[in-house]
Each structure stands twice: as C-alpha cells, then as structure tokens.
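# Architecture at a glance
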Amino acid sequence: MMKSLLIANRGEIACRVIRTARRLGIRTVAVFSEADATALHVRLADDAVPIGPAVARESYLVSEKIIAAAHSSGAEAIHPGYGFLSENAGFAEAVQAAGLVWVGPSPESIRAMGLKDAAKARMIAAGVPVTPGYLGEDQSPERLQAEADAIGYPVLIKAVAGGGGKGMRRVEGAGDFADALQSCRREAAASFGDDRVLIEKYILSPRHIEVQVFGDKHGDVVHLFERDCSLQRRHQKVIEEAPAPGMDAATRQQVCAAAVRAAEAVDYVGAGTVEFIADASQGLSADRIWFMEMNTRLQVEHPVTEAITGVDLVEWQLRIASGEPLPRRQEQLAIDGWAMEARLYAEDPRKGFLPSTGTLEVFELEGQARIDTGVEQGAVISPFYDPMIAKVITHADTRDEAREQLAEVLEEAVIWPVRTNAGFLVQALRQPEFAAGTMDTGLIAREGEALMPPERPSEDALREAAGALVGERRLAGFRLNAPPRRTASFLLDGAAIEVVGSQPEDEGAEAVLISEAGQTWELRHWRITGTGAGGAGDGAILSPMPGRVIAVDVAEGDRVAKGQMLLTLEAMKMEHGLIAPFDGTVGALETEVGAQVSEGALLVRIEAEES
Ligand code: ADP
C-alpha cells in the first residue's frame, strides 16, 4: 500500500478522500488555491501545498503545479477526485511519467471512453446495447439531417466531446433540425473545442440508471450494482439513489453484466461508472436500457453505493492503485437496504437557481444521515468553484424510510445568509411521482413552480418569531389573543412585512432566524417609518422619541423626494426611519451618526421646492 497521497481536488471530495486515507495510515497532502487557504480540506490534510490563484484554470487545473506539489511534499500517489483533472488522460500520463502512482484507470481507458462516438462504437463491438442513433462518421448537415429523419423524432444531438450536460439539443421535428444542429455545434466548439456531434433517438420517459464497476490490475472486474439518478435539473443530477426503484433481479443481472463487459472492453482499472438510459414508459426492462457513456472516475454519488454494499470505494481505489487485487469477488457483494443522496447547493431556487455566495454565518446540518461536506460554519462560499456545499446521504431498510429521513434532515437545516436548495430538495423528495419511484428525467422541468419552496414562513412560525422579538410576556399575551392587537411592521430578509401582534417592548432579541421546510429567513426588529413629530407641515423633522441616530442618508443641499429615507433613529431596540414629508431640499442637517437625541429635537429641515 502507498504511504502518502496527494489529493488534486478541493471541497467535500478532498475531505472525503483524506478521511479514508487517514484511516488506512496514509499521509495526506492537500493542494489549495488562494481562495482556499483556510478551507476544511487544507486543515484536514497532514500537509498542504499552495498552487496559485483562485481561478481553477490557474491552480487546480494546472497539471505541472499539481505534480510539482507532489514532488515537493514527497507524495507517492495522486487521487484526482471528480471534476477538474480526473478524466484528463494527459494528466494521468504526466502523473505516471513523473514516477507517481495514479489513482485511476490508464490513460488509454480514459481516452477510449472520452469521446461519446468512439466509446459507443467500442461498446457495440463488445456487445453492449447502445441507444439507437448515428455515430456521425459523415458530419455534413445533409447527412446528419437524413440520419435524424431515419431515426425518427424527437432526436437528441450530442457533442461527441460533451459532458456535464452541455452540448445537447433535443429536436422535435425535421424542420427544427438545421437550426438546432448549428447552435449545438457552436456550443460544442466553444465549450469543448470540438464541434462534432452524434445523433440519438430521444428516449421518452427516460430514466438514468448507472452501474458502479471496479477493475483491478490483474484483469478482474466486478460491479457494485446500480444507482438511479433520474431526478435531474437541466441534465444535472439532483437526487440519487441505490438501488433503482422497479429494478427486478433479472433486469439488474443483465444491466450489471453489460456494465462489466463495457469495463472489460477497455481493460478498466479502478472505480468507474457505466451510465445507461432506460425507456421507462413500461417499467424497467433490459431490452429498453442502453449504454450512454462511461465516467472514468469516482462519481459524486458514490456514497449511495457505499451505503448499500458496505464498501468504502475510496479504500478500494487506493488498494487497487497500489496493485492489490479486488478486495471482494462478485458473489461476496450484495445489496443491503436503500440509500438516497441529495446534493445541497448554495443557490437560490427562486432566482433561477443562481449561485449564492458569501459567508456561512450559520451552517447547521445534522441528523440521521451521512454528511459529506467541505465547509463549516464561518466558511466563505466563493464564486470560483462549483456551489455544491454538501451531500446528504441516508440509508434505511426501505426506499420510503431513506427518502423521508433525507427530507427530515434537509427540512431541519439552518443555513444563513447563503441561500440553498434545501427547501427545493424537500419538495422534490415528497413529490408524489418521485415518492412512488415512477419519476423520469423530465420531472423537475414539468413540475417547475410546484417544487418551489415557500416564499415566506408560515403565519405560525412568523408569529412565534415576532413574539421572540418582542419578549416572552407579550408572546404569551398574544397567544391568548388578548387585546389590544396591533399590526406591526417587521423586516423579513430586508423586506417589510406585517405581522399581527402586540407593541414591542424594550426587551427581546434584535433579530431572529426562522427556519422552516429547509428555508431560513431573518426577521429583524420593528422599523417604524414616519416623518417625525411636527414634521409634516413646515419641513422640520423632529425626533419622535429619545434615541440614537444610527444612519444618515442625506447631506445638506441634497434634493429629496417625498417618502425618501432621511435618517434612522434607534430607540428601545427599534429602528425608526424618518422620511421626507414632501419633495424638497435638505436645508439644514442638525445631527450626525452616533448622536444621542432627545424627544422633539430638530434633526433635519426640508425646504419645499420653489415652484
Ligand atoms: P453528459 O456527458 O453531458 O453528462 P450524457 O450523455 O451523460 O451527457 O447525458 C446526460 C443526460 O441527458 C442523461 O442523464 C439523460 O437525462 C439525458 N439524455 C441523454 N441521452 C438521452 C437520450 N437519448 N434521450 C433522452 N434523454 C437523454
């Protein structure tokens, strides 16, 4: 077994690899960019080497820097994780040429599976069923169109060099083909530097089924059963599980055997995943399941396979890279229970899933689950890398239990102020088709809004939080529905809302977080806006009560519009915004930030516009 290992990655996968290596007594070396100097993976590793700027192109993606880091730190082997350089045959070659152990398949295997068309051709030769289509020897638009017409619509145009869901176009009819081809080629050229495409029959009711395989350096290959990754958004996996719902033993046997043949056909060594697409319109059946591609690395969703097989896949990778034989034979592997994984992203589902960056001031994610993460409370989510912040994995006797357990853990997550998709995941996990295991890859697109998490907390949660802000006694009074009741304004994530409650008192918190259904909101103390006592008539803005000026938004001579915020006063732990009573000019500003003012004090005078 190797004695030291450099992990050419970051985030949760770097942390995950480090944990297994440590358990096996291997010294670990992390690499890190300037944005990751204090990251968890750096602190977990025995050693860490800086490799340059935050942008991955200048750090995590630079082979020479990674190899130099291995040499300088005395690491014997390199684990690439997933993404970054993990499927880069040139990197694998460079690692080996540098006399280091590469934890992964040979550069030849990576190349053989790297282009979708060549891989499909090889699979056909190996007797693996592939999606009906045209492999594109002739790339002329006329020929491609004729092939698409012959396959029958809808068809899918795929960039042969594509990956990560990019470079694909669904075409509904012959009339749309030419335009779709052009736009797919443009995207393929821009993203992969290769504009060649292939054409596949578009499978209706598609399910994504993939098989975990492992090969060793002695020519043996086993499979570790299938995963179902059909819940996708824009061809990206969202929730994964193992085994696949509705997979009977005979179908499983055939699909897994096909995956083993696929791996054998390219002399596969290490962890790999053979991806299939199933036409699930009439359930899962081996004659409607076709090879799509092989991923020559460890997958993001590998933990669900670990959960049901009891195998540490990273341990197997390290043993196999060290030359050991496969730790178990096929007949020693079995499925135990059901596992499900959700990918937790720092993104805002309500804003088109836009990544959400910033400091994780609150990061509470726990429960009956395995949580693979690369961040902790206080960490910064930067715009430089993939916004996945954690994977949450549950394992139970049945699918329903694993699913419900996962929903519960996500529901109780408290993450703030960074937005996450936790609430969206909870909705997806409880969506009836998904719950029944009859989903296909189009489910999220079809459901759309129905999967959106609630925009604001429930009235109960709001009232409780409002009560916490105004003090226990008032809360009790409120619960008894005791008069007088008032409508008061709060700021929910900065936006004014009304809550029916009682007057605030001078105790209670400044702000509280409301967590519900996987969402977290901030409720701030009352903010009352007004023009100040006596202010409306002559433009004199007077302090309505004794307090402290905490913000001044205008300067002398400024033109202001009616309703514009002039300054903010803090009194009795409430903020009072004072606004302009009419259009005008700031004639005199009699106060400043930090000033203590008494009731009735003149703060600002607004002079009316001469008309
Ligand atoms: P990538 O390499 O970009 O991940 P894949 O070929 O693995 O692309 O396909 C990604 C996803 O696109 C699949 O998981 C599936 O949801 C969908 N897909 C791929 N091929 C087809 C097809 N022939 N019909 C319908 N959907 C498909």
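First, a word on scope: everything that follows refers to the structure included in this document. (Residues numbered from 1 in each chain as written. Predicted model: local features only at pLDDT ≥ 70, side-chain atom pairs only at ≥ 80, totals over all residues. Heavy atoms only, no water.)

## Some points on the packing of aromatic side chains
Tallying each qualifying case throughout the model produces 6 aromatic pairs. Look at Y60 and F84: their rings are 5.1 Å apart centre to centre, the planes differ by 15 degrees, and that puts the pair in the stacked class. Residue Y60 is found in the loop between β3 (47-50) and α3 (63-73), and its partner F84 is found in the loop between β4 (77-79) and α4 (89-97); the two are separated by 24 residues along the sequence. Here Y60 falls in the buried class, since its relative accessible area comes to 0%. Centre to centre, the rings of F214 and W316 are 5.2 Å apart; their planes meet at 75 degrees, and the pair counts as edge-to-face. Of this pair, F214 sits in strand β10 (residues 206-215) while W316 sits in helix α11 (residues 313-321); the two residues are 102 residues apart in sequence, bridging distant segments of the chain. One exposure class covers both F214 and W316, and it is buried. Taken together, the ring pairs in this structure connect Y60, F84, F384 and Y385 into an aromatic cluster. Sitting over the face of the ring of F353, R233 holds its NZ or CZ atom 3.7 Å from the ring centroid. One residue, R399, lies across the ring of F434, its end atom 4.7 Å from the ring centre. (Phe/Tyr/Trp six-rings, centres within 6.5 Å; stacked < 30°, edge-to-face > 60°. Helix = DSSP H or I, 4+ residues; strand = E, 2+ residues; numbered from the N terminus. Buried < 20%, exposed > 50% of the residue type's maximum accessible area, 1.4 Å probe, protein only. Lys NZ or Arg CZ within 6 Å of the ring centre and 35° of its normal.)

## Some words on the side chain of E226
Here E226 lies in strand β11 (residues 221-233). For E226, a relative accessible area of 0% translates into the label buried. Reaching out from E226, the side chain makes a polar contact with the backbone nitrogen of A244 at a distance of 2.9 Å. Within the local environment of E226, its side chain forms a polar contact with the side chain of R252, the two groups lying 2.8 Å apart. (Polar contact = N/O pair within 3.5 Å; in protein donor to acceptor, adjacent residues only side chain to side chain.)

## Quick word on the pattern of salt bridges
The tally for this structure, following the rule as stated, stands at 44 salt bridges. Across the salt bridge formed by K237 and E275, the nearest N and O atoms sit 2.9 Å from each other. One end of the pair, K237, is in strand β12 (residues 236-242); the other, E275, is in strand β13 (residues 270-279), with 38 residues separating them in the sequence. Members of the salt-bridge network, linked through shared partners, are R16, R23, E306, D312, E315, R319, E324, R370 and D372. (Salt bridge = Lys/Arg side-chain N within 4 Å of Asp/Glu carboxyl O.)

## Considering helix α12 (residues 399-411)
Think of an α-helix as turning once every 3.6 residues; residues three or four places apart then point the same way. Taking 1.5 Å per residue as the helical rise, α12 with its 13 residues ought to reach 18 Å, and the 18 Å between its terminal C-alpha atoms agrees with that figure. What α12 keeps buried is the set R399, A402, R403, Q405, L406, A407, V409 and L410. Each element contacted by the buried residues of α12 is listed here: β12, β15 (338-345), β22 (388-396), α13 (422-429) and α14 (432-436). (Expected span 1.5 Å × (residues − 1). Contact = heavy atoms within 4.5 Å.)

## Brief notes about the pairing of strand β9 (residues 197-201)
Most of β9 is tucked away: 4 of the 5 residues are buried. Pairing of strand β6 (residues 133-134) with β9 involves 2 bridges; the strand directions are antiparallel. Bridging across to β9, G133 finds its partner in E200. As paired strands, strand β7 (residues 155-159) and β9 are joined by 5 bridges and run antiparallel to one another. Looking at β9, one finds that V155 is bridged to K201. (Pairing = 2+ DSSP bridges.)

Fair warning: the whole summary comes from geometry, so function is off the table for now.
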